[in-house]
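Spelled out, the chains give:
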Amino acid sequence: MSFDRSIKIAPSILSADFADFGREIRAIEDQGADWVHVDVMDGHFVPNLTFGPPAVKAFRPHVKTFMDVHLMIAPVDPYIEAYAEAGADMITAHVEAGPHPHRTLQAIRATGKKAGIALNPGTPVEAVEYLLDLADMVLVMTVNPGFGGQKFIPSQIDKIARLRGMIGDRPIHIQVDGGVDPITAPLVAKAGADVLVAGSAVFKGGSIGQPQVYGTNIRAIRDAAQGLAQAV
């Protein structure tokens, strides 16, 4: 994956039809998704339980773009290799998930995968300052992790902007996850985010039978983000 700062839309399949993941993944990619975002939750680090490595392995043959696996689990280090083997292209772990996030990023990179580090809303941006040289992406959570469909937390816009300045010219993506829609997309893009995760805002109103709605939703988010981002 070559690096560029163009806006990328990464639909979260947490909002897809759980009974038909293969066709849902193909539908969002056909309708313009740049990445496929997989939210892994353990019922411990966050109050929900979702996808283990076998599920991610089952998704892999259907993903033709880029599979972005977000591990909301603790401890995280013992499971990195399993998710790498399952086919993740990017593995993102939380800075709050263990005492040695630097070692966690080293472990991800050792598998040959892209490495991301995530920040919860209450975690200051300085927590990743000395991790950036090992990171391909920093994920700023704009909701508290654990559930889809939550309301965007506006205070995180400043965090994104401060992170953008901290990154400088290093080839590191800034991803935003939580409450992203055509209203909030231009705000986070203006602050410096380039990978926008959206679940309910992409899947709402659509279905396997009406995939064009996914395309309409994806374009609305992208156009909103690019319109303000280009005016900066």
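Everything here concerns the structure above.
Residues numbered from 1 in each chain as written. Predicted model: local features only at pLDDT ≥ 70, side-chain atom pairs only at ≥ 80, totals over all residues. Heavy atoms only, no water.

Asks: Talk me through the pairing of strand E3 (residues 67–72); I want residue IDs and the actual numbers.
Replies: For E3, the buried fraction is high: six of the six residues fall into the buried class. Burial along E3 is two-sided: Met-67, Val-69 and Leu-71 and Asp-68, His-70 and Met-72, pointing in opposite directions, are all buried. Pairing of strand E2 (residues 36–41) with E3, which is carried by six bridges, proceeds in the parallel orientation. Looking at E3, one finds that Met-41 is bridged to Met-72. Read from E2 through helix H2 (residues 53–59) to E3, the crossover connection turns out right-handed. Sheet analysis places E3 next to strand E4 (residues 90–94), joined by four bridges and oriented parallel. Along E4, the bridge assignment pairs Asp-68 with Met-90. (Buried < 20%, exposed > 50% of the residue type's maximum accessible area, 1.4 Å probe, protein only. Helix = DSSP H or I, 4+ residues; strand = E, 2+ residues; numbered from the N terminus. Pairing = 2+ DSSP bridges. Right-handed = clockwise from strand over helix to strand, strands pointing away.)

Asks: Could you give me a rundown of the side chain of Asp-20, with the residues and numbers involved?
Replies: Summarising the element assignment, Asp-20 is placed in the loop between strand E1 (8–11) and helix H1 (21–30). With a relative accessible area of 18%, Asp-20 lands in the buried category. At a separation of 2.9 Å, a polar atom in the side chain of Asp-20 contacts the side chain of Arg-23. (Polar contact = N/O pair within 3.5 Å; in protein donor to acceptor, adjacent residues only side chain to side chain.)

Asks: So what's going on with the nonpolar core? Which residues, and what values?
Replies: In terms of nonpolar packing, the biggest core is built from 70 residues, with Ile-13, Val-38, Val-69, Leu-163, Leu-196 and Ile-221 touching the most fellow members. Apart from residues no more than four positions distant in its own chain, Val-69 is found in contact with Val-38, Val-40, Val-56, Tyr-83, Ala-88, Met-90, Ile-91 and Thr-92. Counting seven residues, the second-largest nonpolar core is a separate cluster that includes Ala-10, Phe-66, Met-137 and Val-195. (Core = buried A, V, L, I, M, F, W, Y, C linked by side-chain atoms within 4.5 Å. Contact = heavy atoms within 4.5 Å.)

Asks: Could you give me a rundown of the sheet that holds E1, with the residues and numbers involved?
Replies: As a general point, the strands of a sheet are linked pairwise by backbone hydrogen bonds and lie either parallel or antiparallel. Strand order in the open sheet made by the eight strands is E1-E8-E7-E6-E5-E4-E3-E2, with parallel pairing throughout. Each edge of the open sheet carries a strand with a single partner, namely E1 and E2. On average, each strand axis in the sheet is tilted by 25 degrees relative to the strand beside it, whichever way the strands run. Contacts between helix H4 (residues 101–110) and the sheet are confined to E4 and strand E5 (114–119), with E5 contributing the most and set at about 150 degrees to the helix. (Axes fitted to C-alpha atoms, helices over the stretch in contact; angles between N-to-C directions.)

Asks: I'd like a description of helix H5 (residues 156–167), backed by residues and values.
Replies: It helps to recall that an α-helix has 3.6 residues per turn; residues three or four apart then point in one direction. Taking 1.5 Å per residue as the helical rise, H5 with its 12 residues ought to reach 16 Å, and the 16 Å between its terminal C-alpha atoms agrees with that figure. Turning to H5, its buried residues are Gln-156, Lys-159, Ile-160, Leu-163 and Ile-167. The buried side chains of H5 occupy one side of the element, clustering within an arc of 100 degrees when seen end-on. Next to the buried residues of H5 lie E5, strand E6 (137–141), strand E7 (173–177) and helix H6 (185–191). (Expected span 1.5 Å × (residues − 1). Arc of directions from axis to C-beta.)

Honestly, that's just the spatial picture; any functional story needs more than this.
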